[in-house]
Amino acid sequence: MRITIAFLLMLGNLGAMLFSDINTSPRALGRSGAFVASAEGLEAVHFNPAGVTEISNFEVQTYYKHLYSGLSVGLHNASIAVAKRWKNSVIAFNFQDFGASLKGEYEGRYAEDVLTVTYGYSLSKYLRFGTNFSFYHLQEPRFGGTSSFGVDLGIITSIYKSWQMGVFVQNLNAPSIHGDYDNYRLPRFIAFGMSLKPMRNAITEIAVRKEENYPARFMIGQELSLFKGMIGLRGGLLSEGELTKFSFGLDFNKAPLKITYGMQYDPNLPLTHIIGVSYGR
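Computed from a prediction, not measured in an experiment: that's the story for all the values here.

### A short note on the confidence of the model for the chain
And then number 1: Taken residue by residue, the chain gives an average pLDDT of 90. The fraction at 70 or more is 90%.
And then number 2: By mean pLDDT, helix α1 (residues 2-10) is the weakest element of the chain at 43, and strand β7 (residues 163-170) is the strongest at 98.

### A short note on unusual backbone geometry
And then number 1: The peptide bond linking Ala-255 to Pro-256 adopts the cis configuration, its omega dihedral lying at 10 degrees.
And then number 2: For Pro-256, the position within the fold is in the loop between β14 (243-254) and β15 (257-265).
And then number 3: The backbone of Ser-32 sits at a positive phi, close to 60 degrees, despite the residue not being glycine.
And then number 4: By secondary structure assignment, the location of Ser-32 is in the loop between α3 (26-30) and β1 (58-66).
And then number 5: By relative accessible area, which is 2% here, Ser-32 ends up buried.
And then number 6: Backbone geometry at Asn-213 places phi at a positive 70 degrees, although glycine is not the residue there.

### Some remarks on the environment of Pro-198
And then number 1: Along the chain, the position of Pro-198 falls in strand β10 (residues 189-199).
And then number 2: Residue classification places Pro-198 among the exposed residues on the basis of a relative accessible area of 53%.
And then number 3: Each C-alpha atom, one on Pro-198 and one on Ile-80, is 33 Å from the other, the two residues being 118 residues apart in sequence.

### Quick look at the pairing of strand β2 (residues 76-86)
And then number 1: Taken together, the nine bridges between β1 and β2 define a ladder with antiparallel strand orientation. Paired with His-66 across the bridge in β2 is His-76.
And then number 2: Direction of pairing for β2 relative to strand β3 (residues 89-102): antiparallel, over a ladder of 11 bridges. Looking at β3, one finds that Trp-86 is bridged to Ser-89.
And then number 3: Linkage of β2 to β3, two consecutive antiparallel strands, is achieved through a turn of two residues, within which Lys-87 is found at a positive phi near 55 degrees.

Cut-offs and rules
Residues numbered from 1 in each chain as written. Predicted model: local features only at pLDDT ≥ 70, side-chain atom pairs only at ≥ 80, totals over all residues. Heavy atoms only, no water. pLDDT = per-residue confidence, 0-100. Helix = DSSP H or I, 4+ residues; strand = E, 2+ residues; numbered from the N terminus. Buried < 20%, exposed > 50% of the residue type's maximum accessible area, 1.4 Å probe, protein only. Pairing = 2+ DSSP bridges.

Dropping the structure here:
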């Protein structure tokens, strides 16, 4: 496993993998990423920042994601975030650390750190905007540390009764990470989602994401809230080229505290697990 992860991260696929895991959260993973039109709260930051406008006053959240059971090198993604509302605006701060402890030829600490400042604004109850300003820092055994900066934009609009539409563009400014031997473009994509809320306790969303030089990613997710919102169940499916992944999630909500869990099945790799805790009032 050590050879596998070193090869994936450090050799042929380094450019493809850089900062590819920042778009994650327990709720979104449980829905296989179908979280563009119905994104809300702090979990919306890297799926559609317009969704942070659903925060009523104050929210803080943290999560820990154990990717592919760690692949024997402690592959993980951890995050902490806080947000505050002022009238029609919400400002949020999110810090993520994605990393592993590599062995062998490229032994050392591999880390992708992202600090994101999010601003969301409700133009009306039918139209919301959000933008991210992200500072990326890569620590890589071959060439040390290097940094970059990205800008994202998101929109969510209510189009008809229980229907919502969302659009999210990540890294509008096409940022790159500059190494000693090459430059690596950070993930730049557009995502589109359509959600339906046929009843107060159910949401279904279909979403598609297209990244430069990669096949389109199709996602569908379903969420159901039970016992007056105390328990949430969700599931999802993701298809990208020949790859298909399945997800499952649940949460326990006793206001103002919420515990959320998500799991993803990849047919070629061990399971990925994520758990988060949030507090909002």
